[in-house]
Structure formats: structure tokens, C-alpha cells
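# Summary of structural features
Residue strings, one per chain:
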Amino acid sequence: FEETLKGTDGYQRVIVDSFGRLINVLEREEPIPGDSVYTTLDINLQKTAERVLREVLETLQTGGIYETPWGTNKLMSKSGPMINATSGSVVVTDVKNGEVLALANYPSYDPNLFATGISTKDWENLMPENERDPIAPRPLLNVATSTAIQPGSTFKMIVGLAGIEQGLSPDYKILDKGYIQVGGHRFGNWLWNQSRRTMGYQGLHKAIADSNNFYFYSVANGYDYGAGRYLPIKMNMEILTDYTKKFGLNDRTGIEIDIPREKSGGVPSIESKTKTVKAMLRKHLRRQMSIDDLDDTIVEATPEVLANIIEEIVNWAEENPSRNTIYNNMIDLGVKEDKAGIYTDIAKYSYFNQARWSVADTMNFAIGQGEHAYTPLQMTNYMAILANGGYRYNLSLIRKTQSYDEERITEYPPKLVERIELNDYNNLEEIKYGMHLTTAGGGATSYFNKFPINVAGKTGTAQREGKIPPID
């Protein structure tokens, strides 16, 4: 909206004497002020969001107590203060029309620093000390639009909705046995992982309130792991991804800021998984392979030839040939025999076999882990669609523009994208009831035990392993 805001410059052509004194005005063009842009933001709610976000993060970092009129909460993990809780975002929308009422990021910055040209010192203060640290606070990053991460258990309602849309009764009970063994890996419910305890029989509502992984593992795979039998519904990844996309989690939200950088396309798929595996293998081979690994009686041992060979190997991921075929192909490409065996095993067992979609992938999908990657804006809009009966709106920050003389007013009404297609819209009420139980007896009770109105919500904590690279 820069073109709308800035208006038109004025000017005048004049005659002055040798002392610069005005003699005559030959031509004058009066400046025209720009239009006013009216946002959807509620200033009091915006200030509150910024304050609370800052206070909660600071409390998390020290492991203190955060008190509100509605509840007192100890913000500390079992291992102590969460010293890396240095960034976050709060997004509040009107679920009836997609208007953004508050959008706060932390850390933030003062835009006045850029008004007349930012100093080197001020610019350096806005940069992370370690550019390679993926969780370092970045004041210039709009977390709400640009940070796409796993949603954790806040995703579970989509799996539950897909299940009852396919015909599973919300009252169907699945016995939580603690964990499910898949190959060499145990997929446990969070309570089992913490204390080796189980939660008994779980229907949809209780599973949402208790955030029971075992229930959602079962629904996502169409198999009752508690009873050892198939569920009476059809379920597969095509169905699950279809419902995920219905809620806009693969698309941009339509908000008018950060349009080029707003993240999208984060719904997992075999294609996206294969792309990720190929990128990881490419990086591995570029780091490990050298021109010394090439047989110069077959190929010219140059960096360019090596790069082409690596790309050829990476492209085999889609077909995932047998080990013998991979080995022979590497020899044909000009890789030395003693090295071909090493790189064959790396490609085959560390990467190619991981490119296929597996039961383990579906387990991760069910609880918002794995390849999911959504922004706070996308998650907020998904929650709004659950809340408003299935209506998907574009998110918007602009309500209207108005010319300085008030002769021209342009309204920006809410844009309804669609009412998402469901078999029974009453199924949304089943989901919302489970979310209400989350705040009235489930995982979020302590935050709302004194709240003056009924609330529906969902807690979620995603986990991701990794090491922070050191400063170069």
C-alpha cells in the first residue's frame, strides 16, 4: 500500500536573484496528500499481545511464575528454564471474517531506526550473533509469516475430523497401551514416554483433551492398535492430506504484508519427502566425495565431472534401485571400486530407503511431527475455520482506504474463499467439544481455570533434534 499512502509531490519553478532571494514564481504544483489506510488492528489488543508475548518469553527463559487474573502458571520444563525461548509470535483474528486484530512478533524493532538511514551499530544490533543458529532471535524476521515449523499436537484435530468424516463414531473407544512398535522404533503416547503410564480407553473428545498420541496414531493408520484390528473406516495418506489442505495449511493466507516471503506448501507428501531426502544426500556427497574417488581411466577427474556424478546419484532416489544396481551404476559413472561400495551403502540405506512413505511417517504425521511446516498465520486461520463452521477467509489487515478530502473511500470487505467441503458440518462440533474439554479438565485447564467465559483450545509441543552450528 505504499503507492496509496505516499501521495504526489508538489513543486514550484522560481526566479531568484544572486543572493537567492525569491523574485518571481513561474509555476506551482500543490502536493497531494496520500490516502489514509485503516487497518483491522485493535490497538489495545495489539499492545496487550506485544506485552504478554514479551513477558511470557522472559518468564520462560528464567523458569518463573506467570500470573494473570485467570490463572497462575509455572513456566518451566522438567529440565529447568527454557533459555532458548527467545522468539515467538501471537496472532489474533476475528473468526467470523478473517480480520487480523493483533499480530505481534518477538523480538521486534523500532522502525524509526530506518527513517533517515540506519547506523552500522543499530543494524548490527538487529542481527543475530550467530547467523548459523536457526533459533537465534532475529528482530527483522516476521515470525508470523515466515517461520514455518511443526505444529505438534495442535494438528490432531484434523486427524480426528478426518476419522469421523470417514464414519468413525466420536464415541469409538481405543485402548491406550502406551506405545506402538514399528520396526525398531517405539511410538509412545506422551504419558508413557514420561512415566510409563497409560490413559485407558480413549474416544475422540477425551483424546483431544488428553492429547493422546495412541488414539491419533490409530486413526491415521486406520488400525485399532489397542484391539489389534482394523478400524471400520477407510483411511490413508491421500485422505489425511486432503483434509489438511482443506484448512489452508498448504496455501498462503492472503494477508497483505510480507507477500513474497510468506511461507506455504508445508503439507507433507511423498514428493516433498523425496525432495528433502535428495537435498540431504546431495549435501552429504558434496561434503564427502572428492575427485580422488574417481577412476581417471574412465572419466576426467575434475570438479565439474564430480558435480555431475553426484547429481546423477541423487536422481536415483525416486526409483530406489537395488544395492547391486546402484553399485554397478556407480562403477559405470567412474567411481573407484573401493569407494563405490561405501557410497552405495550411504545412498541406499541412509537415504533412498528413507525416501519412501512408511507407517512411521504416518505416525509422525498424525501428531503434527515429521515434515509438517506451518506458520502462526496458517495455524490461526486453521483454528478459525474449525471455530466458524468451516468458512475459510483470507486473512486481512486492511479495512478501507480514504482520500485526504474524504471524497474517495475504498472498502476492503472480508474475502470468503470457500466453505470447505465436509460430509457433515456437525462433525466440527464434535471437534470443538473436545477442544473445550482441553480447557476444562484437559491439558490447558490451569491457564483457563478462572476464565469468565467458556473457551476451546489445544496445547501442542513439537520436538526436533539438531545441533546449533558454531559461529564461523
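Our subject is the structure listed above.
Reading guide: rules and limits
Residues numbered from 1 in each chain as written. Predicted model: local features only at pLDDT ≥ 70, side-chain atom pairs only at ≥ 80, totals over all residues. Heavy atoms only, no water. Salt bridge = Lys/Arg side-chain N within 4 Å of Asp/Glu carboxyl O. Helix = DSSP H or I, 4+ residues; strand = E, 2+ residues; numbered from the N terminus. Buried < 20%, exposed > 50% of the residue type's maximum accessible area, 1.4 Å probe, protein only. Polar contact = N/O pair within 3.5 Å; in protein donor to acceptor, adjacent residues only side chain to side chain. Contact = heavy atoms within 4.5 Å. Pairing = 2+ DSSP bridges. Axes fitted to C-alpha atoms, helices over the stretch in contact; angles between N-to-C directions. Parallel < 35°, antiparallel > 145°, perpendicular 65-115°, else oblique. Left-handed = near helix turned anticlockwise from the far one by under 90°.

### Observations regarding the pattern of salt bridges
- Overall, the coordinates contain 19 salt bridges when judged by the stated rule.
- The salt bridge partner of K273 is D361, with a shortest N-O separation of 2.5 Å. Taken as a pair, K273 in helix α10 (residues 270-288) and D361 in helix α14 (residues 359-366) lie far apart in primary sequence, 88 residues in all. Neither residue differs from the other here; K273 and D361 are each classed as buried.
- For R323, the salt bridge goes to D345, with nearest N and O atoms at 2.7 Å. Taken together, the residues R323 in helix α12 (residues 323-333) and D345 in helix α13 (residues 337-351) connect sequence positions 22 residues apart.
- Using a relative accessible area of 31% as the deciding quantity, one classes R323 as partly exposed.
- Looking at D345, the relative accessible area reads 31%, which means it is partly exposed.
- In the salt-bridge network here, residues are joined through shared partners; they are D251, R392 and E418.

### Digging into the side chain of T253
- Looking at where T253 falls in the secondary structure, it is placed in the loop between α9 (237-246) and α10.
- By relative accessible area, which is 4% here, T253 ends up buried.
- Within the local environment of T253, its side chain forms a polar contact with the side chain of E262, the two groups lying 2.8 Å apart.
- Look past the residues within four positions of T253 in its chain and what remains in contact with it is E262, L377, Q378, N394 and L395.

### Quick word on unusual backbone geometry
- The residue after Y106, namely P107, is reached through a cis peptide bond having omega 0 degrees.
- Turning to its location among the elements, P107 is positioned in the loop between β7 (100-106) and α3 (120-125).
- Although it is not a glycine, R196 adopts a positive phi angle of roughly 60 degrees.
- Inspection of the secondary structure assignment puts R196 in the loop between α6 (190-195) and β11 (200-202).
- Of note in this structure, N320 is not a glycine but carries a positive phi near 45 degrees.

### A few points about the sheet that holds strand β3 (residues 36-39)
- The three strands are arranged β3-β15-β16 in an open sheet whose pairing can be described as antiparallel. On the outer flanks of this sheet lie β3 and β16 (409-411), each paired with one strand and no other. Averaged over all pairs of adjacent strands, the angle between strand axes in this sheet comes to 20 degrees, irrespective of strand direction.
- Pairing analysis gives four bridges linking β3 to strand β15 (residues 398-402), with the strands arranged antiparallel. Pairing of V37 across the sheet is with T401, part of β15.

### Brief notes about the environment of I342
- With respect to the helices and strands, I342 occurs in helix α13.
- The class for I342 is partly exposed, based on a relative accessible area of 42%.
- Along the backbone, I342 and Y327 are 15 residues apart, and their C-alpha atoms lie at a distance of 9.2 Å.

### Overview of the packing of α10 against α13
- Two numbers describe how α10 lies on α13: the axes approach to 11 Å, and their chain directions differ by 155 degrees. By the criterion of interaxial angle, the relationship of α10 to α13 is roughly antiparallel. Considering only the axes of α10 and α13, their crossing is right-handed. Residue-level inspection shows V277, M280, L281, H284, L285 and Q288 of α10 in contact with α13, the latter providing I342, Y343, I346, A347 and Y351.

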